[in-house]
Structure formats: C-alpha cells, structure tokens
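Overview (structure and organization)
Listed below, chain by chain, are the residues.
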Amino acid sequence: MKHLLLGFAALTLSGCLGEEHRIYTVDELMADEALLAKITSECRNNPGTLRQTPNCQNAEAAHWKLWLRTTPGG
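Residues numbered from 1 in each chain as written. Predicted model: local features only at pLDDT ≥ 70, side-chain atom pairs only at ≥ 80, totals over all residues. Heavy atoms only, no water.

1. A short note on the environment of alanine 59
Inspection of the secondary structure puts alanine 59 in helix α5 (residues 54–70). As for alanine 59 and valine 26, which are separated by 33 residues in sequence, their C-alpha atoms are 6.5 Å apart. With near-sequence residues (within four places) excluded, alanine 59 lies in contact with Leu29, Leu36, Ile39 and Thr40. (Helix = DSSP H or I, 4+ residues; strand = E, 2+ residues; numbered from the N terminus. Contact = heavy atoms within 4.5 Å.)

2. Overview of the state of the cysteines
Per the counting criterion, the structure on display carries one disulfide. Between cysteine 43 and cysteine 56 runs a disulfide, and the two sulfur atoms are separated by 1.8 Å. For the disulfide bridge between cysteine 43 and cysteine 56, the dihedral angle about the S-S bond is near -90 degrees, and by the sign convention the bridge is left-handed. You can see cysteine 43 sitting in helix α3 (residues 33–45) and its partner cysteine 56 sitting in helix α5, a full 13 residues away along the chain. Judged by relative accessible area, which is 12%, cysteine 43 ranks as buried. The class of cysteine 56 is buried, set by a relative accessible area of 8%. (Disulfide = S-S within 2.5 Å. Buried < 20%, exposed > 50% of the residue type's maximum accessible area, 1.4 Å probe, protein only.)

Printed below as a string of structure tokens:
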C-alpha cells in the first residue's frame, strides 16, 4: 500500500512539473493574455536566470506583436 501511494504521488507530481516546463509558442501566448502576463511577470522578476529561456523570449516576442497591433499604424 505504501508503494502504491508513493507511485500515485510521483505520477501526480510529474504531471504538474511537466506543464511548468512546457515551452509555449508566440502564437499560443498571444492567444492567452493571462498566460502571457504570468510568464512575463516571472521573467521580469528573475531576469538573470530566466531572460534567455525559450518561454521568456517567446513571451517578449508575443508582447511586442500585441503592442504593435494596438498602436496606430501597426
């Protein structure tokens, strides 16, 4: 029984951790502004570690694309 509980806990945690390490595309981030805001906030709060990660780079690109859409002439 103890091993069954440990196995279940490991499967549950692995599912959660896998989503955290997912790399989102620029288009996915542009479509989900809440997710974009979350990732952008995390990146800006820890730029030394996260600035060069794919999600931070994609979030920055998505942010600029959305900004260009909303500016006159963009």
